[in-house]
Each structure stands twice: as structure tokens, then as C-alpha cells.
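Report on the structure
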Amino acid sequence: MGLPSSVRVVIIGGGIVGCSVAYHLGKMGWTDVILLERNRLTSGSTWHAAGLVGQLRTSASITQLLGESVALYKRLEDETGLATGWKMNGGLRLACNPDRWTEVKRQATTAKSFGLDMQLLTPKEARELWPLMEIGDVVGAAFLPTDGQANPSDIAQALARGARMAGVTIAEQVTVTGIEVVDGKVVAVETDQGRIACEKLVICAGLWSRQVGKLAGVNIPLVPVQHQYIVTEPIAGVPRNLPTLRDPDRLTYYKEEVGGLVAGGYEPNPIAWAERGIPEGFHFSLLDENWDHFEPIMQLMLGRVPALETAGIKQLINGPESFTPDGNFILGPAPEVKGIYVGAGFNAFGIASGGGAGMALAEWVATGAPPFDLWPVDIRRFGSNHQDEGWVRTRTLEAYARHYTMAWPSEEFDSGRPLRRSPLYERLRASGAVFGEKLGWERVNWFAHPGETPRDRYSYERPNWFEAVGREHNACRERVALFDQTSFAKYLVVGRDAEAALTFLCANDVAKPPGALTYTQMLNARGGIECDLTVARLAVDQFYIVTGTGFATHDAHWIASNIPAGLDARLIDVTSSRAVLSLFGPRARDVLAAVTPDDVSNAAFPFATCRTISVAGAPVLALRITYVGELGWELHVPVEYTTSVFEALLAAGGPHGLALAGYRAIETLRLEKGYRAWGAEIGPDHSPLVAGLGWAVKLKSGVPFLGREALLAQKAKPLPRLLAGFLVDPAVVLLGRETIFRDGHRAGWLASGGFGHTIGRSIGYGYVRDPGGVDADYVRSGAYELEVAGERVPAAVFLTPPYDPKMERVKA
């Protein structure tokens, strides 16, 4: 039987993720679907995967997605009649030093926040669950009873059978040779057996995903890395219900298999594979055993499981897996081509993710939207720096090596840097700048003074930059601070219908005269916040949009994809054309007035306006806005003038006590002022109404905009949650994900946490939840505690920001 000439959806790749997408599309009634596999199902990396299934991640939504995998695997055998090897034997994680124990205790609190029962154990209790291990160095452990393990090939075959039972077609031994794109939209897939027209294409090709994406001009930033584990003969004392074990301080993991063990690890010096392309015919194939490379991991294993010294080794598996630059997998719509979706780069936990990822991707394909916020794994988190395969490989090898190292708060990657640099990079570095990196951009996190080491030293307590950030924070509050924010993503929306397009896209009113500046969200059809940005009107047919560095690809794709058909409105990326110097603080006007002939008084240049002024001879687009709660301007400077403007501001600021400051001070300042951050307190699952941003929505105007109907429906009912702030003792370190207790009952978790140097308290923000409805009175009437690393601490709740609630200083 030949291939169909057309279908609604083509899925490329017959591993666990492709089979899961096919299964879930079939369950949704999408049967005009074909899955193409170039060899046999599972022949890429699924067949040799280790098969551990853990659930807890730092994101609530990704934890929920992994929970969907567990729920699916529990019922799949009964549904399809095929064995899956699923066992809910629980997962054990060890801590072997005080820092790791702090990390594990915080993970246990995160689990509680997300509704999982992670139990903290003594070393002796851990050994009762895992009797083969040596516990002399163990400080404590955590056990998650609902984790488990599965047979990867069996799971994939069961999903494939379920897909076929629903009416989906699966075609093996079919090679994709091309992808046809017309006017920016996928229209067909070319194969060695003919052309298949399609409306949508899902790339789940594992190791081959990057090269498949290239056929359509889609960038999928992943690379193959060698990954090894041993399979032993049966070992005395290994029960069939032995929990999976992760021993991160020894970089290793274990699971039971046929009375023996599967044991592997994540070495600090990983080896890339197929740097010049995957060889033809690499199916059901392994790489040569590399015992020399595995030996250090083996020695770490022997210290934990002495029985391995005498166990028979069946095989050392060396199977390449696809890994990504940040260690998270890749899901979602390709921003380059309409109709193409990606599910790939699962970083050796594709079995744990496969069930839930397939569910989420199938819903995305079928409805155009994911079931919940999937930003941590969204393909649109990547940028232009991820186009280069060499850079991707370098960063990915570092991410692999960090798989089991300590996950420190605020930790930065070191590899592939510096790449994208502001014109001021060397000047700032000479001034003591300590840089972080986002989307390839070097961004100042903080400045070290003479005698201070200009390097991060990470900690779960107060880190070494705490005092320096406090200095910068106080300079901004009390005098004036200058921030280099060149990495902002910047766009023009131009055209005859630019106003009409943005009026539809923006929740706030942007149909204002030139010179107006508007803070606004862009919403999805459910009323959730997709973009959080600033819109400046430059002319009748021209708007200037500024958004966060990390959201450059996402926000551009959202805007371009949702401009109504037929309107004359185009999006142009101008990020690289302008640097941004942000001048904030009560003396900001004094400094700016000293370097410009233009009138920058409040009467001439009020808050929420923009205009071009001359600064040190440069034409500068000045935006009077703030993200720190102080008087100030963002100065958008043509790049060739950047150094001249910077030097003029520095000189003029000297008499006013101007300080250079970085992004970590911006974070502490915005927390005190209650400004929201997309990806933390706000995102696609949260509407402006629950986020306390209803004031920035034009509901009363009656003007149609995307998401308006959803907001009206939500407003007519009690809100399910409301964003609130919490203050605790300054000695308590808040990082986010701490559990919120209201009147003794779990009521949510913190989306963010930090310190307010002006108020001298630790600050956190999170949603107070109640199915019966939440309003301001409900929030204020409760007594609150936060659970931090397993300990409850009293917390004071607030809905009005603890600093300068009436904005007098900002708008003066």
C-alpha cells in the first residue's frame, strides 16, 4: 500500500515522542495523520534509553507535563494490550554534603508546592529502600513514591498501537528527502516514495531533528552527545521493586533491570558525536564501548554500590542522545515557518517526558495553543546565537556536564562567551563589571569595587554579590544609577494599518498620538499574557516596541503571527541598531539636563511619553518609563554614538553621585516596587486580572482586542487566584517555588523571590489560590507562612507594593 498524497498532519520520527504525538492526535479525533519513520520504530535513540521516569522539575508546568507521562504509562498496557515495563517503584535522590542537602530540601519544598509527595529521609531510611548502597557519606535523601521506570521500546510500541487503533497511519522505511514551503508556510513533505501534501508538520526526529529542520529553514539547536551506562548480570539482593536512584554528588544513576542494575552517569568531560553529520544507516546502532572514558564514573559507582565490583557486566552501552544548550527539551511552533512544530532534544529524559510532551504537542498542533505554559521548553526561547552549530555544541557540552552538578541560584553558563557585546563591554569590564549572559548577550549583573573579586561565588545563602547589589540598589533609590540595557529586543511595527494591528494585539490602549508611550500586555485567546512590553508611538504609521532580551524570538513570532490578515502592518527587528542606556534615580533629570539642550522638565517631558532629544551631539530616542520605581529614562542610542553618550552621562553624573549598576540590582528594585516579570509572576496561564494588572487593560473602552472575551468571562466569575506579595525576616533567603500556606493550608507557591535593600526585608510574589474564588479581602484576611527548605516561616502579605506605592517620585 502506497503513501497518501495528502494528509492534515505529517509526523517525522518514530521514537517515543513521535509515537506519543501520533497517539494523542488520534485520541483527539485527528486521524488524517501519518507518522513517517526512516527505519523501524524506536531505531534512533529510544531503543537504548535507560528508561528512568522522574517528575520533579523547577517549573510547575513541566512537572505537570511529566506527571502526564506517569498517568499515561499507568494505563497504557490495559488500553493497548502491549506490555510497557512500567513500574511505579519510586525515585530516590541522595545528598552527600551540606549544600546538596539544602538543594534537596528546597526540591522537597518545590515538590510540595507542585502537589508531589517528596519525603525527606535519613541515610538509614534511604538504605532501607536501597539496601545495596554504602551510606557513609550520605547526609540525607529524598524519596518520590510516584516516580518509576519503563521499558522505552515497549512504551513506544504501545503508543504506536494506540495511535493505529485510533486510525493514525504509521509508515516505516520511508525517508524524508525534502520539505516544501510556500509563502512561509509548510505545504508538503517529499519522501523517497513520493510527495505528501500537508497542513502541518511535526518534527520528532531525535538525533536527526536538526538536519530535518534545515530542509525547511528551521533551526533546531541540538547536538548528539555520547552517553554510556552499564547493564549488569543479576545481583544478589536486588529486588524487582528497587527504586530508581540518583546520586548527583557522584554524577550517577541506577535502576533495576531483570534482577541486575542499569547504571550510568554524566561525566564532566562529555564527548560530542557526529560533528560532521550522522552516518547513513545508523539505526539500532551503538558506538564503540569507551571504558577509558567511563572508568571515572565506574569508580564513583563502586564507592556507592560495592557489589558492582564482583557483578558480571553484560554490556557497556554507548548510545548517542540529543542534548540542548540549556538542558531543556524543545517543543512548539517553529518561528521560521508556519505550520511546523518541533518535539526534540530530550537530553536523555525522553522517556520521562515522552507521554506528556506528546500530549502537549498534539494539543498545540490541533488547537494552535499548548494546554498550559510551556515557556521553559518552548523553541522560541532560542535566538540568533543558536544558529551556529559550533556554538550550540560548545554550550551543550557544558550543559551536559552540569546535569548532576549543584543547581545554584543565579548560576551562569561560562562557555561560548563573550559573543554578543554592547559597544560598552570593555569599558564596563574595566570598571569591575561581572557579566551574565542571555541569548548570547553579555549583560552586567553587578560591579565589583576595588578589592572585591569580580566573579560570582554561588550559594544558597547570601552570595558574594549581595552587598555590591545593595550598593547599586541604594544608589538608584537615593541618587542616580546608569544601566546598560543594550540587549533589549527592539522592533518597529510600520505600515498604514500599524495602529489597527496593535490595537487588536495589545490589551492596553496604544491608539494615542505620536509621542505616547504605553506599557501593555498582549494576550492569548484564553486571556493569558503572551507578551509584556512597551509600545512607543513614533509616527502615524510607526510604533517602536521594546521587550525583554530573552523574549526576542517569542515576542516577534507572536506579533507577526497574530497581525490580522489583510492589514498593512509589518514587524522589523531593529535590536542591533540601538544601544540602550537607562538612567534612573531621583537625580536622573539633573544628569540628563546637563547633557542635552532639550527641555526634560516634567511639564515638557511627562511620564509615559517619548521623543528624540540630543544628548552629547547624538540623536537619542528617550523613553520616560521605569522598571525600578524611580524617575528616569531609557535612552535608545544609535550604536555608533553609544560611547560618546555614555562618557557624557558619566561625567555629568559625577557631581550627583552616579553609580554604574547591573541587572541584579534591577531585579531587587523591581521586586520592591511590585513590577511583574514575564516568565516569573506573569505568563500565558495568568491573565492581567489575576496578576493585578487590570488597570492596564482597555476593557471599558469596548474596543475589540485579542483575549477580550476571555477577560470578560473571567471578570464575571470569582477569580481562581490572585497575585500577592510576601515579606519575611531578612535572614530568610527566598528564591521562588517556596510553598505558600494560608491559615495552615497550602495555597500556592512563590513565583519569584529576592531581597529589598531599601525596606530591608526578603520579598516574594506568588498566587494565592482557592477553587472557591479569591479577591483582595480573601488575600488580606489570611494568616500566612512560607515553607523554605522544609521549614515554615511567618510571612506578611501585601497587595500594594512595599515601596513608594503612589509613584510620586516616578512621575515628578
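Residues numbered from 1 in each chain as written. Predicted model: local features only at pLDDT ≥ 70, side-chain atom pairs only at ≥ 80, totals over all residues. Heavy atoms only, no water.

Some points on the packing of aromatic side chains
Across all of its chains, the model carries 25 aromatic pairs by this definition. Here W375 and F551 contribute two aromatic rings whose centre-to-centre distance is 5.8 Å and whose plane-to-plane angle is 65°, an arrangement assigned as edge-to-face. Taken as a pair, W375 in the loop between α8 (350-367) and α9 (389-401) and F551 in the loop between β25 (542-547) and α13 (552-562) lie far apart in primary sequence, 176 residues in all. Taking the relative accessible area as the measure of exposure, W375 reaches 14% and is therefore buried. Every member of this aromatic cluster is reached through a ring pair, and the members are Y253, Y266, F323, Y400 and Y404. Sitting over the face of the ring of Y544, R578 holds its NZ or CZ atom 5.9 Å from the ring centroid. The ring of W465 carries R664 above its face, with NZ or CZ at 3.8 Å from the centroid. (Phe/Tyr/Trp six-rings, centres within 6.5 Å; stacked < 30°, edge-to-face > 60°. Helix = DSSP H or I, 4+ residues; strand = E, 2+ residues; numbered from the N terminus. Buried < 20%, exposed > 50% of the residue type's maximum accessible area, 1.4 Å probe, protein only. Lys NZ or Arg CZ within 6 Å of the ring centre and 35° of its normal.)

Overview of helix α7 (residues 291-304)
Its 14 residues give α7 an end-to-end C-alpha distance of 19 Å, which sits within 8% of 20 Å, the value for a rise of 1.5 Å per residue. At I297, α7 shows its largest kink, close to 30°. Here α7 has its buried residues at H293, F294, I297, M298, M301, L302 and R304. On its buried side, α7 packs onto β4 (91-95), β12 (223-232), β13 (244-247), β14 (252-257), β15 (260-265) and β16 (313-323). (Expected span 1.5 Å × (residues − 1). Bend = angle between axes of the 7 residues up to and from the residue. Contact = heavy atoms within 4.5 Å.)

A word on the layout of surface pockets
Size it by volume and the second largest pocket reaches roughly 850 Å³. What lines the second largest pocket is a set of 36 residues, and nearest its centre among them are P333, Y341, G368, H557 and S561. Counting only elements with at least two residues in the lining of the second largest pocket, the list comes to β11 (194-203), α8 and α13. Ranked by residues supplied to the lining of the second largest pocket, first place goes to α13 with six residues. Residues of the lining of the second largest pocket, tallied by class, amount to 16 nonpolar, nine polar and 11 charged. (1 Å grid on protein atoms, 1.4 Å probe; cavity = no way out; pocket = protein on both sides within 12 Å on 5 of 7 lines; lining within 4 Å. Points joined across faces, edges and corners; volume = space filled by probe spheres on them. Nonpolar A, V, L, I, M, F, W, Y, C, P; charged D, E, K, R; others polar.)

Some thoughts on the packing of helix α2 (residues 60-80) against helix α5 (residues 152-166)
The contact between α2 and α5 brings their axes to 10 Å, and the two run at 60°. The angle between α2 and α5 falls in the class oblique. As α2 runs across α5, the sense of the crossing is left-handed. Between α2 and α5, the contacting residues are L72, Y73, L76, E79 and T80 on the first element and I155, A158, L159, R161, G162 and M165 on the second. Considered class by class, the residues forming the contact of α2 with α5 number seven nonpolar, two polar and two charged. (Axes fitted to C-alpha atoms, helices over the stretch in contact; angles between N-to-C directions. Parallel < 35°, antiparallel > 145°, perpendicular 65-115°, else oblique. Left-handed = near helix turned anticlockwise from the far one by under 90°.)

A closer look at the sheet that holds strand β27 (residues 578-584)
If you walk across this open sheet you meet the six strands as β28-β29-β30-β27-β21-β31, and the pairing is mixed. Looking at the sheet topology across the chains shown, the edges are occupied by β28 (610-615) and β31 (659-661). Strand-to-strand, the axes of this sheet are offset by a mean angle of 30°, without reference to chain direction. Of the strand pairs in this sheet, β28 and strand β29 (residues 618-623) are connected by six bridges, and their pairing is antiparallel. By the bridge assignment for β29, T612 is matched with L621. The strands that helix α11 (residues 466-478) touches are β21 (481-484), β27 and β31; relative to β31, the one it contacts most, it runs at about 120°. (Pairing = 2+ DSSP bridges.)

Side note on the nonpolar core
Of all hydrophobic cores here, the largest spans 52 residues; its most connected members are I11, L25, L65, V202, F329, L331 and L374. Elements supplying a minimum of two residues to this core: β1 (6-12), α1 (16-27), β2 (33-37), α2, α5 and α8. If one sorts the elements of this core by residue count, α8 sits on top with 10 residues. Not counting residues up to four positions away in its chain, the partners in contact with F329 are I62, L65, A344, G345, F346, N347, F349, S353, A357, V377 and R381. (Core = buried A, V, L, I, M, F, W, Y, C linked by side-chain atoms within 4.5 Å.)

Description of the sheet that holds strand β22 (residues 489-494)
Spatially, β23-β24-β25-β22-β26 is the arrangement adopted by the five strands of the open sheet, whose pairing is antiparallel. Whereas interior strands pair on both sides, the edge strands pair on one side only; in this sheet they are β23 (517-523) and β26 (570-573). Ignoring which end each strand starts from, the neighbouring axes of this sheet average 30° apart. In this sheet, β26 lies alongside β22 in antiparallel orientation, the contact comprising four bridges. Looking across to β26, one finds that Y491 is bridged to D573. Strand contacts of α13: β22, β23, β24 (529-539), β25 and β26, with the helix running at about 75° to β24, the strand carrying the most contacts.

Describing the pattern of salt bridges
Here the structure, examined in full by the defined rule, presents 43 salt bridges. Put simply, E787 and K112 hold a salt bridge, and the shortest N to O gap is 2.8 Å. With a gap of 675 residues between them, E787 in strand β36 (residues 784-788) and K112 in helix α3 (residues 98-113) connect regions that are remote in the sequence. When the shortest N-O distance is used, the salt bridge between R537 and E499 registers 2.6 Å. Linking R537 in strand β24 with E499 in helix α12 (residues 498-505), this pair joins segments that are 38 residues apart in sequence. Taking relative accessible area as the criterion, R537 reaches 7% and is therefore assigned buried. Among the ionic contacts, a cluster of salt bridges with common partners joins R395, E398, R402, E411, D414 and E437. (Salt bridge = Lys/Arg side-chain N within 4 Å of Asp/Glu carboxyl O.)

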